[in-house]
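If you want the building blocks of each chain, they are given just below.
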Amino acid sequence: MNLLAGAAGPPYRPRTAGGDRLKLINIGFGSLVSARRLVAVVSPESAPIKRMVQEARERGVLIDATYGRRTNAVLVMDNDYLVLSALPPEAVAGRVEGEDSGEEE
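## As for the pattern of salt bridges
Step number 1: Taken as a whole and assessed by the stated rule, the structure comprises two salt bridges.
Step number 2: A salt bridge links arginine 37 to aspartate 78; the shortest N-O distance between them is 2.7 Å. Of this pair, arginine 37 sits in the loop between strand 2 (31–34) and strand 3 (38–42) while aspartate 78 is found in the loop between strand 5 (73–77) and strand 6 (82–85), placing the two residues 41 residues apart along the sequence.
Step number 3: Here arginine 70 ties to glutamate 45 by a salt bridge, and the two come within 2.9 Å at their closest N and O atoms. You can see arginine 70 sitting in the loop between strand 4 (62–64) and strand 5 and its partner glutamate 45 sitting in the loop between strand 3 and helix 1 (47–59), a full 25 residues away along the chain.
Step number 4: With a relative accessible area of 53%, arginine 70 lands in the exposed category.
Step number 5: On the accessibility criterion, glutamate 45 (46% relative accessible area) is partly exposed.

Dropping the structure here:
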């Protein structure tokens, strides 16, 4: 599927309507993701999630934002990308809801 077919702009640049601001979530070590594109935050421990990560790596749609640390959360984005984070899923969820998790990076 061609994401650019019939689109007014590139798929990675969300348009703002009615004054909506782009909300970015800090997923650790200065890495940010768009809250609008985030579909799910899951633990990387189960076999199906491990398979998803491996398939994303093979397809070239995996973003590793762990900076060499242990992967604690897998962020599923709406454009089929997966993002690996060293923060636990609870901390990422807290940041999505606007809370500060209090964890040091």
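After that view of the structure, there is still more to cover.
## Remarks on the nonpolar core
Step number 1: Formed by Ile25, Ile27, Val33, Leu38, Ala65, Ala73, Leu75, Met77, Val83, Leu87, Ala91 and Val92, the largest nonpolar core amounts to twelve residues.
Step number 2: The set of elements that each furnish at least two residues to this core consists of strand 1 (24–28), strand 5 and helix 2 (89–96).
Step number 3: The dominant element in this core, judged by the number of residues it contributes, is strand 5, at three residues.

## Focus on the sheet that holds strand 3
Step number 1: Strand order in the open sheet made by the four strands is 3-5-6-4, with mixed pairing throughout. Each edge of the open sheet is held by one strand with a lone partner, namely strand 3 and strand 4. For this sheet, the mean angle separating the axes of adjacent strands, direction not counted, is 20 degrees.
Step number 2: Judged from the four bridges that link them, strand 3 and strand 5 form a sheet pairing that is antiparallel. Each bridged residue has a counterpart across the sheet, and for valine 42 the counterpart in strand 5 is valine 74.
Step number 3: On the sheet, helix 1 packs against strand 3, strand 4, strand 5 and strand 6 and is oriented at approximately 115 degrees with respect to strand 6.
Step number 4: Against the sheet, helix 2 engages strand 3, strand 5 and strand 6, with an angle of about 150 degrees to strand 3.

Calculation criteria
Each chain carries its own residue numbering, running from 1 in the written order of its sequence. Selection of residues for local features in this predicted model requires a pLDDT of at least 70, selection of side-chain atom pairs for listing and counting requires 80 or more, and totals for whole chains, interfaces and linings are taken over all residues. Hydrogens and water are ignored here; the side-chain numbers use all heavy atoms of the structure. A carboxyl oxygen of Asp or Glu within 4 Å of a side-chain nitrogen of Lys or Arg is what we treat as a salt bridge. Only runs of H or I of at least four residues qualify as helices and only runs of E of at least two qualify as strands under DSSP, and these elements are numbered from the N terminus. Each residue's exposure class comes from its accessible area (1.4 Å probe, protein chains only) as a fraction of the maximum for that residue type: buried when under 20%, exposed when over 50%, partly exposed otherwise. The criterion is simple. A nonpolar core is a set of buried Ala, Val, Leu, Ile, Met, Phe, Trp, Tyr and Cys residues joined through side-chain atoms within 4.5 Å. In this description, strands pair whenever DSSP reports at least two bridges between them. Axes here refer to lines fitted to C-alpha atoms; in helices the fit is confined to the stretch in contact. Angles between the N-to-C directions go from 0 to 180 degrees. Any two residues having at least one pair of non-hydrogen atoms within 4.5 Å are treated as being in contact.

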